[in-house]
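# Examination of the molecular architecture
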Amino acid sequence: KPIMYLTAINSKEMTSTTVFNSQPTLFHYDNNRKTYQPSNFGGKYLGEIPMREAIAASDNIYAVNTIMQLGPDKVVDMAKKMGTPSPLEPVPSLALGTSPVSPLEMASAYAVMANNGKRVAPVAVLRITDAAGRSVYEAPEDPGEQVVEPAAAYVMTRMMEGVFENGGTGNRVSSMMKRPVAGKTGTTDTDAWLVGYTPELATAVWVGYDKGREISKVDGHRAAPIFANFTEK
């Protein structure tokens, strides 16, 4: 969802105050040949809401309205620019994260927002030294590439701080973190996520089973405390 909302803000097609009606909706796509009817978690609909509130509450109807307005291809292009090479299917349900991606991809994509819109490729080994402390290898410096307007990255960060404020899906772990933090929770029948960042560090936490086994409601809440503890330390 944040990659999609960043696409909307960066393209100037929408702003953080753009309003959609959160209500049960049947969406038509593929020249009216197909329909898609998402629902909100727990059947909770918020009526007319702006983007900031939709992100904090993780509203699915607002998200699908957004991707229908933008076109899924633009969101796929943005995700690629931000560092998610996994194939993403350009369909309305992409707004809800139906194409699988890895935690590394998510952490590096969110790092773009933390880094004022500049993408730097993740590096596993920075330096190797020998027994005497002499450097035998140093990773080449990556100047990075500006893939998003800094202003758009800033707006997204401000909106995702709302996830940890009252009414946000990460609100119950906010007291564990004593620093500025932005992020997004995500739950499906088989996954629990919290991906977020402070000014210094982007982190992706995923909880689930290797074989796509369903998780319980309790398991669905495990990612946020892991993220909060790790980030604070």
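I will try to describe carefully the structure that is included in this document. (Residues numbered from 1 in each chain as written. Predicted model: local features only at pLDDT ≥ 70, side-chain atom pairs only at ≥ 80, totals over all residues. Heavy atoms only, no water.)

### Here we look at the packing of aromatic side chains
Enumeration over the complete set of coordinates arrives at three aromatic pairs. Measuring from ring centre to ring centre gives 6.2 Å for F164 and F227, while their planes differ by 15 degrees; the resulting arrangement is stacked. Within this pair, whereas F164 is found in the loop between α6 (150–161) and β9 (182–187), its partner F227 is found in helix α7 (residues 223–232), the two being separated by 63 residues in sequence. Through a chain of ring-to-ring contacts, three or more aromatic side chains come together here, namely Y5, F20 and Y62. In this arrangement the basic side chain of R213 is found over the ring face of Y209, its NZ or CZ atom lying 3.9 Å from the centre. (Phe/Tyr/Trp six-rings, centres within 6.5 Å; stacked < 30°, edge-to-face > 60°. Helix = DSSP H or I, 4+ residues; strand = E, 2+ residues; numbered from the N terminus. Lys NZ or Arg CZ within 6 Å of the ring centre and 35° of its normal.)

### Structural notes on the pattern of salt bridges
In this structure the tally under the stated criterion is eight salt bridges. The partner of D130 in a salt bridge is R134, and the shortest N-O contact between them spans 3.1 Å. Of the residues examined, R134 reaches a relative accessible area of 54% and is grouped as exposed. Salt-bridge contacts for R158 lead to E161; the nearest nitrogen and oxygen are separated by 2.3 Å. Placement of both R158 and E161 in helix α6 is noted, with a separation of three residues, approximately one turn of the helix. (Salt bridge = Lys/Arg side-chain N within 4 Å of Asp/Glu carboxyl O. Buried < 20%, exposed > 50% of the residue type's maximum accessible area, 1.4 Å probe, protein only.)

### Thoughts on α7
Residues of α7 that are buried: A223, A224, F227, A228 and T231. Taken down its axis, α7 places every buried residue within 130 degrees of arc, on the same side. (Arc of directions from axis to C-beta.)

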